[in-house]
Structure formats: structure tokens, C-alpha cells
Amino acid sequence: MRLRGSTAAENPRRVGLKSRACVRKMRVAQAEMGLCRMRRSFTAAVFATGLLAGCASQTELEPGAVYDPIEPANRMVFAVNDTVDTFVLQPTAYMYKEAVPDPVRDMVRSFLEWLTTPVVLANNLFQGDWSAAGTTASRFVANAPLFGFVDNATGLGLEHREEDFGQTLAVYGSGDGPYIVLPLLGPSNVRDTVGLVVDYFLDPINYVGNGNPLERDGDRTRVQLARRAAGAVDFRARNFAAINDLKQTSVDYYARVRTIYKQRRDALINNGTPPAGAGGRSNTSEEFDEYVPGGQPAESAGPKSPSS
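Treat the numbers as computed from the prediction; the structure is a model and nothing was measured.

Conventions used here
Residues numbered from 1 in each chain as written. Predicted model: local features only at pLDDT ≥ 70, side-chain atom pairs only at ≥ 80, totals over all residues. Heavy atoms only, no water. Phe/Tyr/Trp six-rings, centres within 6.5 Å; stacked < 30°, edge-to-face > 60°. Helix = DSSP H or I, 4+ residues; strand = E, 2+ residues; numbered from the N terminus. Buried < 20%, exposed > 50% of the residue type's maximum accessible area, 1.4 Å probe, protein only. Lys NZ or Arg CZ within 6 Å of the ring centre and 35° of its normal. Salt bridge = Lys/Arg side-chain N within 4 Å of Asp/Glu carboxyl O. Contact = heavy atoms within 4.5 Å. Core = buried A, V, L, I, M, F, W, Y, C linked by side-chain atoms within 4.5 Å.

With that settled, the discussion passes to the packing of aromatic side chains. Overall, the coordinates contain ten aromatic pairs when judged by the stated rule. With 5.2 Å between their ring centres and 65° between their planes, F78 and Y253 make a pair best called edge-to-face. Taken as a pair, F78 in helix α2 (residues 71–99) and Y253 in helix α11 (residues 253–269) lie far apart in primary sequence, 175 residues in all. Assessed through its relative accessible area of 14%, F78 is described here as buried. The buried category is assigned to Y253, whose relative accessible area is 17%. Relative to F147, the ring of W114 lies with its centre 6.4 Å away and its plane at 85°, an arrangement referred to as edge-to-face. Here W114 is found in helix α3 (residues 102–115), whereas its partner F147 is found in the loop between α5 (130–143) and α6 (152–155), with 33 residues between them in sequence. In this structure W114 comes out as buried when scored by relative accessible area, which is 13%. In this structure F147 comes out as exposed when scored by relative accessible area, which is 53%. Grouping aromatic residues by their ring pairs yields a cluster made of F78, Y179, Y253, Y254 and Y261. The ring of F240 has K97 sitting right over it, with the charged end atom 5.0 Å from the ring centre.

Written out as C-alpha cells, the structure is:
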């Protein structure tokens, strides 16, 4: 009777252990299912980009023209973005530019640029550009002692070159696709919008902090918002006069920004070299250089091509 009694007493414990083990297994299975869904979504997004960009490339366009089939909707979003810039971003950038000394602003920009290194390096590798990958990794190490606040790498001849997954898709033959104006983020296209999503998941900074990034009160959300706000103010301050002049002198501000975006992306994809048939001269305008990071033309390293 004692054996039966002890067994009966132990049964609830065993049941409890089994139930907890089942819960753990269920959670692991749910996590694996989530990863599978993410992979399928990523694959579908890249595939959709290829389809849309391919359809767009079949449309007859003049060289340098932008395919903008949803222009009315884009103009509405552009107007909202311009309003935010006029009443929020421009005053903030002006105060930042006037109150913060140039050396401190350079340190902030260098730090923000240093944070993008993992994404740049990943896209260097995706493109098979081993030389650029070595330069990017060397820049990261050279600037790491002071967390990127001091740009030692440029003095060593290691120039920064902006890379993203939109450029990587272009290297493998993906066309621009339809032009899109994203709320708050500004001009883009189908290919570059997919690139933004992929770069988000590639960026380790987006995994810093606790909480769901979709929740407003999470630490991760605060880190992301602070970084993006600092980047937006820094960009607006560096291009303060150029953007204001663009607004005042443009007959059609929307169309001019659209053209500048197209020129800038083409230059980044080709590493600053003129596209084929350009007669040895890149298709850029004078104000275009102000929109390249740092106010300098992209590094002239020849057009990109995936290495075998």
C-alpha cells in the first residue's frame, strides 16, 4: 500500500514535468515555423521584385526616365513628407546645425556611418566584391577603438562606399521597377523597397534591446527611432542649403527630386562610373552631388558585377 501511495503522490509531479516539456516543445516548434515563414516571405519578396522589375523594364522608356505609374498617389505622399520636412525636420536641422559645432557633427555622422558597416559588408559579399569587402572590414576595425566617432579609416586611405541590398539586386540584373514615394522615408522604387526590408533584417542594430519592435514602448523600438531620427536630422543639416534651394528654384519639385533619386541610385550601382552609352559622362546634375553621402561623388571603382 505504501508503494502505491508513493506512486500516486509522484504522478502529479511527473505530469507537471511532462506538461512543461510539452510547452517547451510547442514553443520551439512555433519559433521554427516563424523562421520558415520569414524565409518564405523573403524568397517571395525577392521573386516578386524580379517579376515587377522585369515587367517595368519591358515598358518603353527614354534613357534616364523614371517609370512612375502611380504618380498621383506618389505626389500625395510626397506632399505629406514635404510638410513634415517644412515644419519638423527643417527647423530641427537648422537648430542642430547652428548649435552643434562642426567637429561634433562630423563625429555624429561618422558614428552613424560606422553603425551601417555590417549591412555594407554583407552586401559587398553578396555582390562578390571581395576587394570592397576587405576595405569595409578594415574600416570597421580601424574606427572601432572609438566606436566610430573618429574616422581614422579615411586617413588611412580606406574610403567609405555605400552599399545596400537594392544595389545587390541591381548587380544581379533586377530593374528599378515602379517609382514609389514611401511615407517619411521618401523616394524609392520596388527594388529598393525590397532592399530596405532585407537590410532591416541584416542590420544587427535592429536586434539591440528588449521587446517587440512593433510595440511602441519596447527598448528595441526606442533604439531604432533614435538612430533613424539622428540620421534624418544629420542628412537634412548637411544638405540644408541644397534642399532649400531645390524647393525654391524647382518648377516641379516632385519631378526634380524623382530625377535626382534616379541619378543618385544609378551612380551608386555603377560605383560612380557612367552607364554604358553615356558618352564617358555620368548622367548627373549639379545638385546631385549634394545628395551623395558626405557631399562627395561615389567612389570611382568601376561598375559592379558579381564575381564568380
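Having put the structure on the table, let's press on.
Before going further, it helps to spend a moment on the pattern of salt bridges. Within the structure shown, the criterion is met by 23 salt bridges. A salt bridge links R258 to D68, with the nearest nitrogen and oxygen atoms 2.8 Å apart. One end of the pair, R258, is in helix α11; the other, D68, is in the loop between α1 (2–58) and α2, with 190 residues separating them in the sequence. Note on R258: relative accessible area 16%, which makes it buried.

This brings us to unusual backbone geometry. The phi torsion at F147 lies on the positive side, around 55°, for a residue other than glycine. Here L184, not a glycine, exhibits a phi torsion of approximately 70°, which is positive. The residue L184 is located in the loop between β1 (179–182) and β2 (186–189) in this model.

Before going further, it helps to examine helix α4 (residues 117–126). Among all positions of α4, only T117, V119, V120, A122, N123 and N124 are buried. Buried residues along α4 sit against α3, α5, α7 (165–171) and α8 (190–202). Of the residues trailing α4, G128 is marked for its positive phi of about 70°.

In terms of nonpolar packing, the biggest core is built from ten residues, these being F78, Y179, V181, I243, L246, Y253, Y254, V257, I260 and Y261. With five residues, α11 is the single largest residue contributor to this core. What Y254 contacts, discounting residues up to four positions off in sequence, is D68, E71, N74, R75, F78, Y179 and V181. Ranked by size, the runner-up nonpolar core spans five residues in total, among them A93, Y96, A237 and F240.

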